Amino acid sequence: MDLLLNEKSTKKIELFTELLYRENEEISFSYLEYFLDVSLSTLKRYFDELSLDIKSSNNLNGILLEKKVGGYLIKNHSDHNTDYLSIRLRLNYLEDSLQFKIFFELLLNHYDTVEELAEKLYVSPSHLYKNITALNAELKRFPLKIIFHPTTNFQGKEKYIRMLNFYFFWNTYRGITWTFDLENMNRFSACVDFTELKKNYSESVIKRLEFMTGLFMVRQEKHPVRLPKKIKELSKNFTTIDDVSKLVEPFLASEDELLFFNLISRCYISEIDSLEDKIRLYESFPRTLILIKDCDLLVEEYEKYFYPNRSMRKDQKAIIFYYVLIGLIQITYFSISPVQFFRASFTQKSQSSLSFKENPKVQQFYKNFREANPDFAFPASYDRGMLVLLTVLTETFLVPSISVYIQYSRNNLGMVYIKNRLHTIFNPKTLHFTDTIENAELVITDCFESRTTQKDQKVFYVSDVYDETTWFELFSCLQTFLFKPE
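Conventions we followed
- Residues numbered from 1 in each chain as written.
- Predicted model: local features only at pLDDT ≥ 70, side-chain atom pairs only at ≥ 80, totals over all residues.
- Heavy atoms only, no water.
- Helix = DSSP H or I, 4+ residues; strand = E, 2+ residues; numbered from the N terminus.
- Buried < 20%, exposed > 50% of the residue type's maximum accessible area, 1.4 Å probe, protein only.
- Contact = heavy atoms within 4.5 Å.
- Areas by Shrake-Rupley, 256 points an atom, 1.4 Å probe, with all protein chains shown as cover.
- Lys, Arg positive; Asp, Glu negative; His and termini not counted.
- Charge placed at Lys NZ, Arg CZ, Asp CG, Glu CD.
- Pairing = 2+ DSSP bridges.
- Phe/Tyr/Trp six-rings, centres within 6.5 Å; stacked < 30°, edge-to-face > 60°.
- Lys NZ or Arg CZ within 6 Å of the ring centre and 35° of its normal.
- Polar contact = N/O pair within 3.5 Å; in protein donor to acceptor, adjacent residues only side chain to side chain.
- Expected span 1.5 Å × (residues − 1).
- Arc of directions from axis to C-beta.
- Right-handed = clockwise from strand over helix to strand, strands pointing away.
- Salt bridge = Lys/Arg side-chain N within 4 Å of Asp/Glu carboxyl O.
- Patch = residues over 30% accessible without salt bridge, like charges linked within 9 Å, V, L, I, M, F, W, Y side chains within 5 Å.

So what exactly am I meant to see when it comes to the overall build of the protein chain here?
Helix and strand content of the protein chain: 21 helices and nine strands. Dimensions of the protein chain along its principal axes, counting C-alpha atoms only, are 85 × 70 × 45 Å. Out of the 486 residues in the protein chain, the part that is buried amounts to 50%. Here the analysis covers contacts within the protein chain between residues at least 6 apart in sequence; of these, 69% occur between residues at least 24 apart. Here the protein chain displays about 25000 Å² of accessible surface, and carbon together with sulfur accounts for 49% of that area. Positive and negative charge centroids in the protein chain, built from 60 and 65 side chains respectively, lie 3 Å apart.

Below you can see the structure in the form of structure tokens.
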């Protein structure tokens, strides 16, 4: 929810994170001016404000910012790493943001008029209107709109409001803390059997289930969920394998609420279903359901294209089916591209664009598939989201490999030492050692004398096999080679 942060808060978080990543190292004013794209006077103001913000926060104890002659440095005497500390600082700024406070109040309470909310937040109605207009521009992708109505503060379907509710609070707090006293969530936390939950789920999954249940309970009495027939039928099949909602059934008011919980928890919470659950789901879904038919079609064509001479393993096929199905549910029912759910995994170039490592083979497959199946489950506007999903799934099972030839002449133990040390870092399936230098993609040698080399063959010269710097360079070389674009 970084859209709720103003530019100054965002810049201070960037400054804090950059200093943390280069802990105990003085970073020059000129570099930080360039990095943040600000003037020296603005940089100094941000640093002074950041120092005060950290000192006033009980959650950032042990962090010391120092000003040197030519730059700044940070010392981290806390028990936490960079990412945790950055999230904590971000949370501080979010909670101080007016737009955050607007969201919080409207999601958990109801206000009949702008004036009523303005009074609660101690701002003028005109200033509140300005911020709500900015929020509504962002809410279009859900799609929702903030309104003031006798029964609701959001214009849009309940499924989108629930989705926004969980998305907003989880992305803000991430399970690190929860500072609000909500009766429903307290009742859930006090009554649920966490010992029983821990038999099936990790602490991370349990925490998200706790958030989701508590937040949904806030709305279900006045704004119940109503599932369409086709989605209801699909949702019932999830309950036959791992009925997540049974664990929270006392807190959800109807069958539709329970089935919706089962469905949306799969879309938002990773690893609710074990590998065995995914396999059983794949085998148990009725093939007559429309989304299952479409999912089967895509997976079958994917298998023909990527595995022309053999079949996918049972677990691999079940996993691809499962996540393609979740992607189709996200698109067809929640109207959200799978890209939205992968945002954290890719480089965000700007607020409106997202880049990811392109896989030409996946792109060609999907282009062929869409041309052959123009009436597939969703419109072409969601193609990029499905392409991202298929790219991630393909690379999940892709085992990159490289053929390696080793010759080491300085002593008779060197070759054995190199092979075994490489296997401590790289999967044996990844490195294929060959006795023929002409067949090698990478040659590791201290005495390269080959008369012929293959095209694109890389030679890595080893001066001293026991030198740690050499090993660092060799590992970097192999990683670059293995993960280069096709």
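Next comes the rest of the account.
Sorry if this is basic, but what is going on with the sheet that holds strand 2 (residues 63-67) here?
Adjacent strands of a sheet form backbone hydrogen bonds with each other and so pair up, either parallel or antiparallel. On the basis of which strands lie adjacent, the open sheet formed by three strands has the order 1-3-2 and antiparallel pairing. Only two strands of the sheet have a single neighbouring strand rather than two, namely strand 1 (27-28) and strand 2. Judged from the five bridges that link them, strand 2 and strand 3 (residues 71-76) form a sheet pairing that is antiparallel. Bridging from a neighbouring strand, Leu-64 pairs with Lys-75 of strand 3.

I'm lost on the packing of aromatic side chains in this one. Help?
Aromatic ring pairs are defined here through the distance separating the ring centres and the angle between the ring planes. All chains considered together, the criterion is met by 35 aromatic pairs. Between Phe-168 and Phe-169 the ring centres are 4.8 Å apart and the planes differ by 75°, which places this aromatic pair in the edge-to-face class. Both residues of the pair, Phe-168 and Phe-169, count as buried. Pairing Tyr-305 with Phe-365 gives two aromatic rings, centres 5.5 Å apart and planes at 50°, and the pair type is tilted. Of this pair, Tyr-305 sits in helix 15 (residues 290-306) while Phe-365 sits in helix 18 (residues 360-372), placing them 60 residues apart in sequence. Owing to a relative accessible area of 30%, Tyr-305 belongs among the partly exposed residues under this scheme. Given the relative accessible area of 3%, Phe-365 is considered buried. The rings of Tyr-302, Tyr-305, Phe-306, Phe-365, Tyr-366, Phe-369, Phe-376, Phe-378 and Tyr-382 are connected pair by pair, giving a single aromatic cluster. If you follow Arg-22 out to its NZ or CZ, it ends over the ring of Tyr-31, 5.0 Å from the centre. Of note, Arg-287 hangs over the ring of Tyr-282, and the distance from its end group to the ring centre comes to 5.2 Å.

Can you walk me through unusual backbone geometry in this structure?
Peptide bonds are trans in most cases, and residues, glycine excluded, mostly fall at negative phi. Here Tyr-122, not a glycine, exhibits a phi torsion of approximately 60°, which is positive. Tracing the sequence through the fold places Tyr-122 in the loop between helix 6 (114-121) and helix 7 (125-139). We classify Tyr-122 as exposed; its relative accessible area is 76%. Phi at Ser-335 is positive, roughly 55°, even though this residue is not glycine. Here Ser-335 falls in the partly exposed class, since its relative accessible area comes to 27%.

What am I meant to see in the side chain of Thr-470 here?
Its location among the elements puts Thr-470 in helix 21 (residues 468-482). Accessibility expressed as a relative area gives 12% for Thr-470, which makes it buried. Side chain to side chain, Thr-470 and Asp-467 meet in a polar contact 3.1 Å long. If we skip the residues at most four places from it in the chain, Thr-470 touches Phe-460, Val-462 and Asp-464.

How should helix 7 be read in this particular structure?
Two residues of an α-helix separated by three or four positions point the same way, owing to the 3.6 residues in each turn. The first and last C-alpha atoms of helix 7 sit 20 Å apart over 15 residues, in line with the 21 Å expected at 1.5 Å per residue. Of all the positions in helix 7, only Leu-128, Asn-131, Ile-132, Leu-135, Asn-136 and Leu-139 are classed as buried. Along the long axis of helix 7, the arc covered by the buried residues comes to 150°, so they all point the same way. Seen from the open side of helix 7, the exposed residues pointing more than 90 degrees away from its buried face are Ser-126, Lys-130 and Thr-133.

It is not clear to me how the pairing of strand 6 (residues 402-407) should be interpreted in this structure. Could you clarify?
Consecutive side chains of a regular strand alternate in pointing toward one face of the sheet and then the other. Across the six residues that make up strand 6, a large majority, six, are buried. Read from strand 6 through helix 20 (residues 414-425) to strand 7 (residues 431-433), the crossover connection turns out right-handed. Bridge count between strand 6 and strand 8 (residues 442-445): four bridges; the pairing is parallel. Counterpart to Ile-406 in the pairing with strand 8 is Ile-444.

Is there a simple way to think about the pattern of salt bridges in this case?
It is possible for side chains of opposite charge to pair when their charged atoms get near one another. In this structure the tally under the stated criterion is 25 salt bridges. Residue Lys-367 is joined to Glu-371 by a salt bridge in which the shortest nitrogen-to-oxygen separation is 2.9 Å. Of this pair, Lys-367 and Glu-371 are both found in helix 18, four residues apart, which corresponds to roughly one turn of the helix. We classify Glu-371 as exposed; its relative accessible area is 53%. Each member of the salt-bridge network shares a partner with another, and the members are Lys-8, Lys-12, Glu-49 and Asp-53.

Would you mind showing me how to read the environment of Arg-310 here?
Within the secondary structure layout, Arg-310 lies in the loop between helix 15 and helix 16 (314-332). Between the alpha carbons of Arg-310 and Thr-240 there is a distance of 31 Å; along the sequence they are 70 residues apart.

When you look at a nonpolar patch on the surface in this model, what are you seeing that I'm missing?
A surface patch of nonpolar side chains, amounting to about 280 Å² of accessible area, comprises Leu-413, Val-416 and Tyr-466. Assignment of secondary structure puts Val-416 in helix 20.

Sorry if this is basic, but what is going on with the environment of Trp-170 here?
Here Trp-170 lies in helix 8 (residues 158-173). Here Trp-170 falls in the buried class, since its relative accessible area comes to 17%. As for Trp-170 and Leu-98, which are separated by 72 residues in sequence, their C-alpha atoms are 18 Å apart. For Trp-170, the residues in contact, after removing those within four places along its chain, are Gly-175, Lys-207, Arg-208 and Phe-211.

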